[in-house]
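Residues per chain, in single letters:
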Amino acid sequence: MDIVEVETEAVAAAGVGAARTSPAGEWEREPHPSDSLRTFGAVIQALREHAGLSREELAAIVQYSKHTVESVELGRRMPDTPFVDRAEEALGNTGALRKAARYLTRGEAGLAAWFRRWARLEREAVSLCTYECRLVPGLLQSEAYARAVFEGTIPLRTDGELEAQLAARMERQAMMRERATVPFSFIVEEHVFRRRFGDAEAMRELFDHVLERSAPRNVTLQVVPLEGGLHACLDGPVRILETPAGQRLGYSEGQKNGRLISGPKEVSALCQRYETLRSQAPSPNESRALLERLRGEL
């Protein structure tokens with residue numbers, strides 16, 4: 001297992017720069033699930049076992065529950081400063097844990113392993129296009145909607161995992177506010193917005209949130225109406241972005257998996273499908289009027 005410093009540098013190197021240098025085949029592999037939290041947790045576990053301590057015994061020493069120790073070791077929880085300091089003293093007092101803890105980040109803790117590489121690319125993209133036919137795109141979801149989505153995930157998540165996922169989702173949305181000159185394009189099927197969750201107030205909050213997020217000049221939202229008929233993107237949801245180097249990449253996602261697409265021919269086909277649908281879908285103004293009408297019907 002790599003030390004935390006190496007893992008952190010590897011994560012940083014796997015950003016947009018990698019999109020310019022990695023062979024196409026590399027992008028088609030599912031990202032390695034290890035991140036800084038899991039690496040740190042593995043180090044804690046290795047030092048604990050080397051010291052001959054059980055999780056219960058270490059928990060007693062650091063004055064945290066066995067569940068907390070387990071969560072840290074499995075990379076599911078960000079250790080706070082008291083935990084790190086007490087674990088350091090209990091496991092050799094070499095300074096390694098305190099030093100490694102400086103490189104920890106919770107930015108990816110709530111993201112699926114197969115989505116992390118795309119999430120990094122999103123943060124540097126010079127344009128981003130999203131077609132969705134299953135649910136409201138994550139970048140447009142209200143907090144209540146996102147929570148409902150995560151609560152319905154199978155297998156069920158712990159409260160801590162749910163909060164980590166929710167925090168990661170809201171953090172992703174921040175880039176739309178922070179990157180006001182980057183074009184964000186969304187095409188979403190009308191039936192997605194008609195799918196009920198919660199009560200009428202929760203639905204109104206969702207519509208308000210989507211209308212607010214899609215209001216800036218750099219964001220366009222088009223809603224494909226129910227009577228829109230068949231179209232070019234019926235193979236499923238797709239995302240397309242352009243890197244600062246001018247390379248276009250695609251991303252598709254299914255049940256418990258995701259695939260980053262870099263082959264020029266395949267990406268070109270995705271772009272053509274998206275552009276065809278964008279030319280056929282109602283205008284952003286017409287789409288906003290439809291959402292406002294749906295909200296008024298609640």
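Described below are features of the structure shown in this document.

Rules behind the numbers
Counting from 1, residues in each chain are numbered in the order their sequence is written. This being a predicted model, a pLDDT of at least 70 is required before a residue's local features are given, and a value of 80 or more before pairs of side-chain atoms are given or counted; all residues contribute to the totals for chains, interfaces and linings. No hydrogens and no water enter the side-chain calculation; it runs on all heavy atoms of the structure. Nine residue types can take part in a nonpolar core, namely buried Ala, Val, Leu, Ile, Met, Phe, Trp, Tyr and Cys, and a core is a set of them joined through side-chain atoms within 4.5 Å. Any residue under 20% of the maximum accessible area for its type is buried, any over 50% is exposed, and the rest in between are partly exposed; the area is computed with a 1.4 Å probe on protein chains only. Numbering of helices and strands runs from the N terminus, with a helix taken as a DSSP run of H or I at least four residues long and a strand as a DSSP run of E at least two residues long. Contact criterion: two residues are considered in contact whenever any of their non-hydrogen atoms come within 4.5 Å of each other. Centre distance within 6.5 Å is the pairing criterion for rings of Phe, Tyr and Trp, where only the six-membered ring of Trp is used; planes under 30 degrees apart are then read as stacked, over 60 as edge-to-face, and the remainder as tilted. Any two strands with at least two DSSP bridges between them are considered paired. Think of each axis as a best-fit line through the C-alpha atoms, taken over the contacting stretch in the case of a helix, with angles from 0 to 180 degrees between the N-to-C directions.

## Examining the nonpolar core
Right, on to step 1. Trp118, Phe184, Phe186, Phe193 and Leu291 are the most contacted members of the largest nonpolar core, which has 35 residues in total.
Right, on to step 2. Contributions of two or more residues to this core are made by α9 (116–124), α11 (159–178), β2 (184–189), α12 (190–194), α13 (200–213), β3 (219–224), β5 (248–254) and α15 (284–296).
Right, on to step 3. With 6 residues, α13 is the single largest residue contributor to this core.
Right, on to step 4. For Trp118, the contacting residues outside a window of four places in its chain are Leu128, Arg239, Ile240, Leu241, Leu249, Gly250, Tyr251 and Leu260.
Right, on to step 5. Within the second largest apolar cluster, 16 residues are counted, among which are Leu53, Val62, Val72 and Phe83.

## A word on the packing of aromatic side chains
Right, on to step 1. Under the counting rule described, the total for this entry stands at 4 aromatic pairs.
Right, on to step 2. Taking 5.3 Å as the distance between ring centres and 70° as the angle between the ring planes, the aromatic pair formed by Tyr64 and Phe83 counts as edge-to-face. In this pair, Tyr64 is assigned in the loop between α5 (55–62) and α6 (66–73) and Phe83 in helix α7 (residues 81–90), connecting sequence segments 19 residues apart.
Right, on to step 3. With relative accessibility at 1%, the residue Phe83 sits in the buried group.
Right, on to step 4. When the ring of Phe193 is compared with that of Phe207, the centres are 6.3 Å apart and the planes differ by 35°; the resulting orientation is tilted. Residue Phe193 is located in helix α12, and its partner Phe207 is located in helix α13; the two are separated by 14 residues in the primary sequence. Both residues of the pair, Phe193 and Phe207, belong to the buried class.

## So, the sheet that holds strand β1 (residues 127–132)
Right, on to step 1. The 6 strands lie next to each other as β3-β2-β1-β4-β5-β6, forming an open sheet whose pairing is mixed. Edge strands, defined here as strands with exactly one partner in the open sheet, are β3 and β6 (257–261). Looking at each pair of strands side by side, their axes are set apart by 10° on average, direction ignored.
Right, on to step 2. In this sheet, β6 lies alongside β5 in antiparallel orientation, the contact comprising 5 bridges. By the bridge assignment for β6, Gly250 is matched with Ile261.
Right, on to step 3. In the packing of α9 onto the sheet, contacts are made with β1, β4 (238–242), β5 and β6, and the angle to β4 comes to roughly 45°.
Right, on to step 4. Lying on the sheet, helix α14 (residues 264–280) is in contact with β1, β2, β3, β4, β5 and β6; it crosses β2 at an angle near 70°.

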